[in-house]
Structures are given as C-alpha cells and as structure tokens.
There are 2 protein chains.
Amino acid sequence: MVVELISVGTELLLGHKVNTNAAFLAEQFAQLGLSMYYQTVVGDNAERLYELVETAYKRSDVVILVGGLGPTKDDLTKETVARFLNRELVEDEHSRKVIEDSFKNMSVAEIPENNWKQALVPVGSVVVENKNGTAPGLIIEDGDKTVILLPGPKRELMPMFENDIAPYLRQKQPDVIYSAIVKLCGISESKAEEKIHDLIDAQTNPTIAAYANNGEVHFRVTAHAEDEKSAKKLVKPIIKIMRSRFGNLIYTMEESVTLEQAILAMLRDRELTLTTAESLTGGMVAARLTDIPGASTVFKEGFVTYNNRAKHKMLDVKKSTLKEYGAVSEKTAKEMAKNGAFISGSDICISLTGLAGPNPEEGKPVGLVYMACSYNNRITVKEYHFKGSRARIRELAVTYALTMLRVCILEDEEERSKTNTKPLTPNP
Amino acid sequence: MVVELISVGTELLLGHKVNTNAAFLAEQFAQLGLSMYYQTVVGDNAERLYELVETAYKRSDVVILVGGLGPTKDDLTKETVARFLNRELVEDEHSRKVIEDSFKNMSVAEIPENNWKQALVPVGSVVVENKNGTAPGLIIEDGDKTVILLPGPKRELMPMFENDIAPYLRQKQPDVIYSAIVKLCGISESKAEEKIHDLIDAQTNPTIAAYANNGEVHFRVTAHAEDEKSAKKLVKPIIKIMRSRFGNLIYTMEESVTLEQAILAMLRDRELTLTTAESLTGGMVAARLTDIPGASTVFKEGFVTYNNRAKHKMLDVKKSTLKEYGAVSEKTAKEMAKNGAFISGSDICISLTGLAGPNPEEGKPVGLVYMACSYNNRITVKEYHFKGSRARIRELAVTYALTMLRVCILEDEEERSKTNTKPLTPNP
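Residues numbered from 1 in each chain as written. Chains lettered and ligands numbered in written order. Predicted model: local features only at pLDDT ≥ 70, side-chain atom pairs only at ≥ 80, totals over all residues. Heavy atoms only, no water.

Enquirer: For this particular structure, what's the right way to read the interface of chain A and chain B?
Expert: Accessible area lost during the coming together of the parts is what is often quoted as the interface size. With 70 residues of chain A at the contact, the number on the chain B side is 73 residues. In total, chain A and chain B occlude about 5700 Å² of area from one another, counting both sides; carbon and sulfur atoms represent 54% of this. At the boundary of chain A with chain B, the tally comes to 4 salt bridges. One salt bridge connects glutamate 301 of chain B with lysine 313 of chain A, and the closest N-O pair in it is separated by 3.1 Å. On the surface where chain A and chain B come into contact, there are 34 residue pairs in polar contact (both at pLDDT 80 or more). Grouping the amino acids of the side of chain A that touches chain B by side-chain chemistry returns 30 nonpolar, 20 polar and 20 charged. Where strand β14 (residues 299–305) of chain A lies against strand β14 (residues 299–305) of chain B, 5 bridges are found, and the strand directions are antiparallel. (Contact = heavy atoms within 4.5 Å. Buried area = accessible area lost by both parts, 1.4 Å probe. Salt bridge = Lys/Arg side-chain N within 4 Å of Asp/Glu carboxyl O. Polar contact = N/O pair within 3.5 Å; in protein donor to acceptor, adjacent residues only side chain to side chain. Nonpolar A, V, L, I, M, F, W, Y, C, P; charged D, E, K, R; others polar. Pairing = 2+ DSSP bridges. Helix = DSSP H or I, 4+ residues; strand = E, 2+ residues; numbered from the N terminus.)

Enquirer: Mind showing me how you'd approach the pattern of salt bridges here?
Expert: When the charged atoms of two side chains lie near each other, side chains of opposite charge can form a pair. Evaluated as defined, the whole model comprises 41 salt bridges over all chains. The partner of glutamate 141 of chain A in a salt bridge is lysine 172 of chain A, with the nearest N and O atoms 3.9 Å apart. Placement of glutamate 141 of chain A in strand β7 (residues 137–142) and of lysine 172 of chain A in helix α6 (residues 154–172) is noted, with a sequence separation of 31 residues between them. By relative accessible area, glutamate 141 of chain A is classed as partly exposed at 44%. Classification of lysine 172 of chain A as partly exposed rests on a relative accessible area of 28%. For arginine 96 of chain B, the salt bridge is made with glutamate 91 of chain B, and the minimal N-O distance between the two is 3.1 Å. Classification of arginine 96 of chain B by relative accessible area gives partly exposed; the value is 26%. Sharing partners across several salt bridges, the network here consists of Arg378, Asp412, Glu415 and Arg416 of chain A. (Buried < 20%, exposed > 50% of the residue type's maximum accessible area, 1.4 Å probe, protein only.)

Enquirer: Please explain the sheet that holds strand β10 (residues 207–213) of chain B as it appears in this structure.
Expert: Think of a sheet as strands paired side by side through backbone hydrogen bonds, with each pair either parallel or antiparallel. Residues and elements named next belong to chain B. Reading across from one edge, β10-β11-β9-β12 is the order of the 4 strands in this open sheet, with antiparallel pairing throughout. A strand with exactly one partner marks an edge of an open sheet, and here the two such strands are β10 and β12 (250–252). Taken over all neighbouring pairs, the strand axes of this sheet differ in orientation by 35° on average, direction set aside. When strand β9 (residues 176–185) meets strand β11 (residues 216–225), the two strands line up antiparallel, connected through 10 bridges. The residue of β11 that forms the bridge with isoleucine 181 is arginine 220. Along the sheet, helix α9 (residues 228–246) makes contact with β9, β10, β11 and β12, crossing β11 at roughly 150°. (Axes fitted to C-alpha atoms, helices over the stretch in contact; angles between N-to-C directions.)

Enquirer: I tried to follow the packing of helix α12 (residues 308–315) of chain B against helix α14 (residues 330–344) of chain B on my own but got confused; where do I start?
Expert: Angle between the axes and distance between the axes are the two parameters that describe a pair of packed helices. All names here are of chain B. The N-to-C vectors of α12 and α14 enclose an angle of 35°; their axes lie 10 Å apart at closest approach. The two elements α12 and α14 meet at a crossing, and its hand is left-handed. For the pair formed by α12 and α14, the contact residues are Lys311, Met314 and Leu315 on the first element and Thr332, Glu335, Met336, Asn339, Gly340 and Ile343 on the second. (Left-handed = near helix turned anticlockwise from the far one by under 90°.)

Enquirer: Any chance you could explain empty space enclosed by the protein here in plain terms?
Expert: Over the atoms, a rolling probe the size of a water molecule traces out where space has been left empty. Evaluation of the coordinates by the stated rule reveals 5 cavities of 30 Å³ or more. The wall of the largest cavity is formed by 19 residues, among which Asn19, Ala22, Gln39 and Val41 of chain A together with Asn19 of chain B lie closest to the centre. Listed by contribution, the elements that provide at least two residues to the lining of the largest cavity are β1 (2–8), α2 (20–31) and β2 (35–42) of chain A together with α2 (20–31) and β2 (35–42) of chain B. Ranked by residues supplied to the lining of the largest cavity, first place goes to β2 of chain A with 3 residues. Grouping the amino acids of the lining of the largest cavity by side-chain chemistry returns 11 nonpolar, 6 polar and 2 charged. (1 Å grid on protein atoms, 1.4 Å probe; cavity = no way out; pocket = protein on both sides within 12 Å on 5 of 7 lines; lining within 4 Å. Points joined across faces, edges and corners; volume = space filled by probe spheres on them.)

Enquirer: How should the nonpolar core be read in this particular structure?
Expert: Across soluble globular proteins, nonpolar side chains show a tendency to be buried alongside one another. Counting 90 residues, the largest nonpolar core has Ile348, Met371 and Phe386 of chain A together with Ile348, Met371 and Phe386 of chain B as its most contacted members. Every residue in contact with isoleucine 348 of chain A, bar those within four places of it in the chain, is listed here: Leu267, Leu272, Thr273, Leu274, Thr275, Cys373, Ser374, Tyr375, Leu405 and Ile409 of chain A. (Core = buried A, V, L, I, M, F, W, Y, C linked by side-chain atoms within 4.5 Å.)

Enquirer: For this particular structure, what's the right way to read the packing of aromatic side chains?
Expert: Geometry of an aromatic ring pair is reported as the spacing of the ring centres plus the angle between the planes. In the structure shown here, the tally under the stated rule is 18 aromatic pairs over all chains. Pairing tyrosine 384 of chain A with tyrosine 400 of chain A gives two aromatic rings, centres 5.1 Å apart and planes at 65°, and the pair type is edge-to-face. With tyrosine 384 of chain A in strand β17 (residues 378–385) and tyrosine 400 of chain A in helix α15 (residues 390–419), this pair connects stretches of sequence that are 16 residues apart. Both residues of the pair, tyrosine 384 of chain A and tyrosine 400 of chain A, count as buried. Centre to centre, the rings of tyrosine 384 of chain B and phenylalanine 386 of chain B are 5.2 Å apart; their planes meet at 10°, and the pair counts as stacked. An identical accessibility class is assigned to tyrosine 384 of chain B and phenylalanine 386 of chain B; each is buried. Here the aromatic residues Phe24, Phe29 and Phe161 of chain A are joined through ring pairs into a cluster of three or more. Over the face of the ring belonging to tyrosine 38 of chain A we find arginine 59 of chain A, whose NZ or CZ atom lies 3.5 Å from the ring centre. (Phe/Tyr/Trp six-rings, centres within 6.5 Å; stacked < 30°, edge-to-face > 60°. Lys NZ or Arg CZ within 6 Å of the ring centre and 35° of its normal.)

Enquirer: Help me understand the environment of leucine 264 of chain B in this model?
Expert: Residue and element names in this part refer to chain B. Within the element layout of this structure, leucine 264 appears in helix α10 (residues 259–269). Of the residues examined, leucine 264 reaches a relative accessible area of 1% and is grouped as buried. Spatially, the C-alpha atom of leucine 264 lies 42 Å from that of lysine 78, the residues being 186 residues apart in sequence.

Enquirer: How should I be thinking about the side chain of glutamate 4 of chain A in this particular structure?
Expert: Residues and elements named next belong to chain A. Structurally, the position occupied by glutamate 4 is in strand β1. A distance of 2.7 Å separates the side chain of glutamate 4 from the side chain of arginine 59, its partner in a polar contact. Within the local environment of glutamate 4, its side chain forms a polar contact with the side chain of serine 60, the two groups lying 2.7 Å apart. Those residues within four positions of glutamate 4 in sequence are excluded, and the remaining contacts are Tyr38, Thr40, Ala56, Arg59, Ser60, Val62, Val63 and Ile64.

Enquirer: Even after reading the chapter, I still don't get the environment of aspartate 75 of chain A, so can you show me in this structure?
Expert: Residue and element names in this part refer to chain A. Among the secondary structure elements, aspartate 75 is positioned in the loop between β3 (62–66) and α4 (77–85). The spacing of aspartate 75 and valine 90 is 15 residues in sequence and 17 Å in space, taken between C-alpha atoms. Once residues within four sequence positions are removed from consideration, aspartate 75 is found in contact with Gly68, Leu69, Gly70 and Lys117.

Enquirer: How should the sheet that holds strand β10 (residues 207–213) of chain A be read in this particular structure?
Expert: Residue and element names in this part refer to chain A. Read across the sheet, 4 strands follow the order β10-β11-β9-β12 without closing on themselves; strand pairing throughout is antiparallel. Taken across any chain shown, the strands that pair with only one partner, and hence form the sheet edges, are β10 and β12 (250–252). Strand-to-strand twist in this sheet, taken as the mean axis angle between neighbours without regard to direction, amounts to 35°. Note that strand β9 (residues 176–185) and β12 share 2 bridges and pair antiparallel. Residue pairing across strands places lysine 183 opposite threonine 252, the latter belonging to β12. Along the sheet, helix α9 (residues 228–246) makes contact with β9, β10, β11 (216–225) and β12, crossing β11 at roughly 150°.

Enquirer: Sorry, what's going on with the packing of helix α10 (residues 259–269) of chain A against α15 of chain A here?
Expert: Residues and elements named next belong to chain A. Following both chains from N to C, one finds α10 and α15 inclined at 30°, their axes separated by 10 Å at the closest point. Here α10 lies roughly parallel to α15, going by the angle between them. Crossing angle aside, the handedness with which α10 passes α15 is left-handed. Residues Leu259, Glu260, Ile263, Met266 and Leu267 of α10 touch α15, and the partners they reach there are Thr399, Leu402, Thr403, Leu405, Arg406, Ile409 and Leu410. (Parallel < 35°, antiparallel > 145°, perpendicular 65-115°, else oblique.)

Enquirer: What exactly am I supposed to notice about unusual backbone geometry here?
Expert: The phi torsion of most residues other than glycine is negative, and most of the peptide bonds are trans. Of note, the bond from asparagine 205 of chain A into proline 206 of chain A is cis; its omega dihedral lies within 30 degrees of zero at 10°. Mapped onto the elements, proline 206 of chain A comes out in the loop between α8 (197–202) and β10. Residues glycine 357 of chain B and proline 358 of chain B are joined by a peptide bond in cis, for which omega reads 10°. Assignment of secondary structure puts proline 358 of chain B in the loop between β15 (348–354) and β16 (368–375). Positive phi is not limited to glycine here, since asparagine 86 of chain B has a value of about 60°. Here asparagine 86 of chain B shows up in the loop between α4 (77–85) and β4 (89–91). Here asparagine 86 of chain B falls in the exposed class, since its relative accessible area comes to 71%. Unusually for a residue other than glycine, aspartate 316 of chain B sits at a positive phi of about 60°. Of note, aspartate 316 of chain B is situated in the loop between α12 and α13 (319–325).

All quantities given are derived from atomic positions and should not be read as evidence of function.
Below you can see the structure in the form of structure tokens.
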C-alpha cells in the first residue's frame, strides 16, 4: 500500500520551521510496512494545494495531509479536500461541543466566529477526536482511496496518529517492516560498500542502505514480510555475512548506541580508565566522551595543551622534541600519550596533535594529524591527512581517535589471546 | 523568481533523517527574495525523480536538487538530470583531481572504482568546488531555466550554498533584499522581544525576525527595495533603536561572527590570555574557543577536571572544600577559577561545575550550574538552573560561560573608567 504525505504551511516554505512531522510520520509509515514515494510541502494556497491533492490521489492509495486545519482564513486544507472530493461540509456536533468546552475553560466570553469553522467536516468523514486541540482529524474513504487530514502541531499530531491513525492503517495493511542497523568505524563508505557489493547488488528484500556519518559508516538492512518473525528471518542471514566480513569494524548493532557510548562501555567492562591529551581538537574528544552520562567512571581528567609551552608544562613533552620535530610530529604525539597516561595515572591516554588550518605551520600541510594511544606499555601512533574545512578536520580527527582507541584495545586483546598472556591488571 | 526544492534520499522517506536542509535552504531563499511554492522529497528512484524534475522544471524558474551525488549506485541525481536535459556526462578534470587528492595520503592503496563517478558532470555545467567533500555542486543553465545540484551532507551543503550558490542567485534576482543581523547574548528571547515589542508590532518593511540560537538571541532586520542603498536606508533607523535599547548585550552585528570569535577578538585586542577549568562541560568551552583559527594567541591550555581527585590534583581545589561544599558549589567554582588562572599563568580563567543529569547528585538538582570568572584580582561567581536534556544543559552552560567572560571584562572596564584607575597591565 502506497502512502503519500502533503505538509501544508507557508512557515515550512519560509524555513521558519523544520519539518519534523514528516520525519515522524515517515518512520511510522515504514514501521507499518507502508511504502512512501513522495513527500511534498506546499504553502497556504488553495489552487496549488488542489493540484497536489489531485496528483497524490492519482498515484497513491492513501493521501495524508498535515496542517491547515486551524481557525484562520489561511487554513484551507479541509475546504480544498472537500472541493476535490466533491463533498459538502457539514457541522459535526461533537466537534462543536469540543470547541465550546475548550473556550468555556478559558473564561472567554465570546467565541471568535472563525473557530466554528473547525467543527465543519466533509460529508461521510470519520471524525477523529483531537484530545490536545480543537481541530479534529478526519479519515475520508473514497472508493479504494483514502484521504486523511491531521492537525499540524506536534503535540496534537503525534498522539492522534499513534492512538487512532496507526491502528486504522495497520488494519488496512497486513505487511510488517523490520530493520537492523550495523555501525562501522575505521572504514570509508566506498570501501565498506565494496566489501559487500555482492549483497548490495542482489538486494531486493531485505534492502541494504549505507549512510556516511561524520567519519563513520552505517548500514541499514530492512525487510518486509507478513509478520515480524518472518521479516527478522529475512534480515538475519545478511547480518551474519556482514558480521563475518566486517568483524571488528562493527562497533555496535544497536540503533541508539553512539561510538562514544560504545567506547565508554568497552572501557567500563574492562575496568579501564582513560585520559585525553589534546592539541588540535582542543577538548573535543573529552567533550564528546563526557556527553555520555556516567562517563566519570572511566574518564577522570583531560589535558588541553594548545601551545608548546603547555605541552611541555602540563604533559612534560621534551623541549628538544618540540624544537627538533615540531608540535605536529609523531614524536610529540607519542610523548603526549605516554606522559598523559603517567601523569593522570590512567590506563590509557589518547593524544592528538595536528594542523586544522586554515594556514600551514612548521612547514607542514593543513590536515596533517598525528594521534597516539598509550596502552598496556605500548604506544601506537598514526598519521592522517584529512581534507576539508577546519571544523571538518577536527571532527574527523575526533572520530578517528575514538576508533584508534577501540582498535588498540581489541588488538592488544587479540595478541594476548594468541600468546596466552595474562589479562591486563587494571590500574589500581 | 520562483525556486523549487527537490530533496533526494530514501533516508528522508523512511524518517531516518529530518530534512533540516530544506529549512536551511528555505530560509536562504526567503532572504534572497526568491519565492518558493513547493518542496518535494523523493527516494533514490530514477523514474520518480525524472517525473519530479519534469514537473518542477515546468512550473519554476530555478530547480534545486539536494542529495544523491555520492559515489554509490543509489546516487543518481546527476544522471537523471543529465538525461532530462539531454546532456552527456563528461569528466571534469578538476573534480577528478580532488578525488585523487582526497584518497592520496589516506593510505588507501587503490581508489574504489565507483568514486570516479563523482567527477562526471553534464556538458555545459558550471562546476562548484566542494571544499568539504568529493562531490562537486553543479549549476546548469538551460534557456531561461536553471537547475542546481547540491550535495546532501550539511557540512558540504551549507558552505557551498553560502559561498557560491547564494551569490549566483542574488545576481539573478533584481529586487534587492538587504538584511542586518543583531546578535545578543545574556538575555532570553522573550525578554529581548519585550524590549522592542513596539518595533515588532509596527513592522512592515523592514521586517524583524527573532531566532533563539543555543542560548543566544539573533534579530534579523530585512528590507526590500529597488536598490541596496534604499534598502539599507530602511534598515538603519531600526538598528539605531535596537543599539540604544540593547547596548552591551549586542556582541556583534556581523553576519559571520560567532560568540566565540567575538570573545577571542576582544581578548586579543586587550592582549589578554585565557584558560578554562571545566568539569560539567568536559572540554566543550575549550573546544568551542579552539574552533577559531588563531585561538592560540589567547588560549594556551585548558583543564578538564571531571572528578574530585582531578579537581584537587590539577587545580588544587581544597579537599575540605570538596568535602564540605561538594564539587557542584560556588566555592569549588571559585577555587577552580582562581587556581586555574594562577597555575596556567593566564590573565583570565573561566570555570564550570554543575550537574547535567540525568540523575541528581550530592543532593543537588539536575541543571544546577556554577561558573566563576577570575580576572584582574576579582572572582565573580554565578549560579544557574538550566532546564532540558543533558546535551542542552551543557550547551547552554558553554554559551553562558562565554557570556560571563565577556561581561566580566566589560564591567571591569566600565568600573575602571568611572574610578579613573589605570588600565590593566597584561600578564607578562
């Protein structure tokens, strides 16, 4: 069953409002197993709205209109739909009473005339009560097509959709959609797609969609079937293959888990503590980690050493290192990480030094970044050349530093499991 | 001139993403004096996209397509537009080089084949360089119609639009729009609106729009006229009144200047150095300041002291203070600021300690924040009770800390000018 969304409101066309209703409804439709091919936004203009309704009615089974049900002259969704469907507007008694009651409680002496307009409904509509406002929702069945009108304010729309419209649509559409997410770090979008290009090429049900997200790659695998169990069954083998091909690059398969959450959980599980020694990113890694409630069990303190003097004073980076190799160097990154761990008494220290631009310094190019990770008596260093604006370079550096942290711990564990070394004793 | 927007991406139809690009562009169009009657969202489907382009091309002067320019097979905006306009795709040499460069140095041995697709452009396109990604923007003039293709990721789209597309559209649109911005910090939106409610009530041309922005309030005053001079003349008297009513609350009237930029410039002018002592915000203040190129002349180092031990060890906060008053207290904030300035040898230290939630601690409520500013032998403390999510509380705290910093300097100067004290000697 194909559903189409028309959002009505000049405020959306002027950019005064972000169309979060569209995202909310789109997600709901997907969960109900409905297909949506188009979303349109149009202003408070009867002629243009009429044309859109006509087009949508032709190409979709269910047309949902949101907004334009209010009391003002600008609100003409209902009038336009009634005209298109050739149905008279009649007063709905219950809706009239809701309006009366809502004004009663507000101790308004006289109800402004235009409010009664909200009680008018096209003949043959199913009137859906609005428990959070005065404009009712409307379901109009017209042959094998359905037109649904919903109020625009989120606090009216959401409960009405969840309580009344979703059950109505569910009963019209037996199919169910199930989707799983696979989140990767440490790999580019194109590389990641290459690794599963056979799956992508062969996709029908489930489908596989990739999203690049600030240095991460997320894959969404979506199946539809008669019931949830069958849909899950379709998704499962694809996930299994992805797991085996991506291995450790997958940091989570939970919808709501972010990279920093995954890393904090990883450290917490292992009872490890972490510190940060940041130059280039000036506190961004620490800020991202502490965005997570309870970060303090893992992260106690961080160093922001933005000039050479601070690197020497706070992190004991040798003056000779800074002089000979410069602040943006492998050697400086290493000393920052090593000394950061020691000074803070943390198990792990991740350090970053680099050039975010806009101008080259020390004869080094913008985008050059060194990061080091000190863990378990070993210091790993990586060199990156990031492209983009200053903000982009810094953002990528943060994501790659978090990735590096993760990889260092995993590789260490792998190695120890091979050589049968004793597990690491957490810092006392 | 009528502009129409088509957003391409299945993720929008599935509700995985909110279409914030549409709101951003809509606002930009309105500022440019362009009319927009329709916005449409369509998935990664060539046939449906083709139909939409056809419809939009007929009814609008400028058709803007966003998204679907990436390297994967799903990305087919360019191919579809080329087919509709009957133009061959040819390789753009510069775009090819950008792709090569972006992969060079990333220690990728081989560039995945699908990436080259991003260098193909319809014959006769104006290629707009993407400084934050590999997919270029395209402007295609076709008789009296224009089709513009833009990349979907916000950090690529926004700078490209502002730097290249907006100037292009401005030159196509003869009626001139002139707007000025007034950016305030340290006042709420409703308070700010109250102060100029007479102007807001009387507005016609120019119009006055308020935007609350992460703890700041921005007013945009927009006039349209035959030429820029006349438009400016309309805006000027309104700005004059706003200046006199808001005074020091205005931190800038420059479009591109952010609060952190204004503050860094203020410190630089006065040859003052700054350090940060952060608990609650875990490095966010330092990160925001170092987002600005050249921050290092003012900001040398920062402390992230996330637990009590770190506050004592790094910032010498007395154990008795932490024990008696707790980490979230006026006294702790004061010691953090005072000692932070001393230890770092900076002229100013701003400190933050508080509870971002989700749970109360030390018997104190979520949202309670203390911040202190140590400057010129005086320590100022403020107590705030912020509302909202953890992220919101932390964000507001950063903005209010930057505001406090600014106010401390201005008040100190005012006082000194009254008492005729000698100007401050910068830290040697």
